[in-house]
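One-letter residues, chain by chain:
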Amino acid sequence: MSNKNSSQEYKVTKEQAPVYSRAERKARNANTRGRFGLVLYVILLLLPIYWLVNMSFKTNTEILSGLSFFPADFTWENYAKIFSDSTWYMGYVNSILYVSMNMVISLLVALPAAYAFSRYKFIGDKHMFFWLLSNRMAPPAVFLLPFFQLYSSVGLFDTHIAVALAHCIFTVPLAVWILEGFMSGVPREIDETAYIDGYSFPKFFVRIFIPLIRSGIGVTAFFCFMFSWVELLLARTLTSVDAKPIAAIMTRTVSASGMDWGLLAAAGVLTILPGMLVIYFVRNHVAKGFALGRV
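The rules behind the values
Residues numbered from 1 in each chain as written. Predicted model: local features only at pLDDT ≥ 70, side-chain atom pairs only at ≥ 80, totals over all residues. Heavy atoms only, no water. UniProt positions renumbered as here; feature names shortened; annotations may be inferred. Helix = DSSP H or I, 4+ residues; strand = E, 2+ residues; numbered from the N terminus. Buried < 20%, exposed > 50% of the residue type's maximum accessible area, 1.4 Å probe, protein only. Contact = heavy atoms within 4.5 Å. Arc of directions from axis to C-beta.

- You'll find the protein chain entered in an unreviewed UniProt entry as Carbohydrate ABC transporter permease, with Marinomonas maritima given as the organism.
- In UniProt, the protein chain has this text filed under Subcellular location (unreviewed entry): "Cell membrane".
- UniProt lists a comment for the protein chain under the heading Sequence similarities (unreviewed entry), and it reads "Belongs to the binding-protein-dependent transport system permease family. MalFG subfamily."

Rendered as structure tokens:
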């Protein structure tokens, strides 16, 4: 009897074995294809960045002579020119200044506005909320001429605050939309409990509410930085000498001898670094924000 049962169990196991091995092979093949696709994606993503870094350590003659994956004549001359020429390094300083101003102004304006939209109901609140986003949909060229004439009239042309305020028309609506989503995820009971405990609104907002939405603030700061850092049209038109950003300087590297590719590549590498630093410091908050993290 036992021999019969054991033979049946063996038969079942033998019949199921090919099924399990086939499923394992499918899972292994899918895993291999996924890894290959991921590696290929990373290579394609990093290839332009590597080529930019590669060009930045080459002379202009070597860049134009042919294709090479490594610098034959390694040089720091392109970076030395950027750090020794005030026209170049001041472009980075100017960009960092107005981008920082834009981030601070956008957060200061968007935080109370987003709180009002998330906590209070008033006439036309939904229409105003959508109208804010419609401003973000407009191209920067639409506001170029009005900003230029306005700033020229009041003496703000070629200043850092001029570019920062011009960018606010795009970053503030986006900041309000992002922050309102995070604030709506905070229970209203927290507000009521704080008021019962004797907290004034400013004290409650700074000490209790803002720490609860720090992930949303990190995401908002990231998007404000990215827009203001890469925007070229307004920044180039509203500045001339004193506040000219690096993006505008990089478009004017043509000389009598032609385009200075090595210098332009070095400037591009240095332009990527601030964005990498911002992503590094807010990476945890950005990850939670992209995952729609709520309190």
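Still more ground to cover, so stick around.
### Side note on the environment of Phe201
Okay, so step 1: Take Phe201: it is sitting in helix H9 (residues 201-212).
Okay, so step 2: You can call Phe201 partly exposed: its relative accessible area is 36%.
Okay, so step 3: It is 8.9 Å that separates the C-alpha atoms of Phe201 and Asp191, two residues lying 10 residues apart in sequence.
Okay, so step 4: When residues no more than four places from it in sequence are discounted, the contact partners of Phe201 are Tyr115 and Tyr195.

### Describing helix H3 (residues 77-84)
Okay, so step 1: Within H3, burial applies to Asn78, Tyr79 and Ile82. The buried residues of H3 all sit within an arc of 95 degrees when viewed along its axis, so they share a single face. Turned more than 90 degrees away from the buried face of H3 sit Glu77 and Ser84, all of them exposed.

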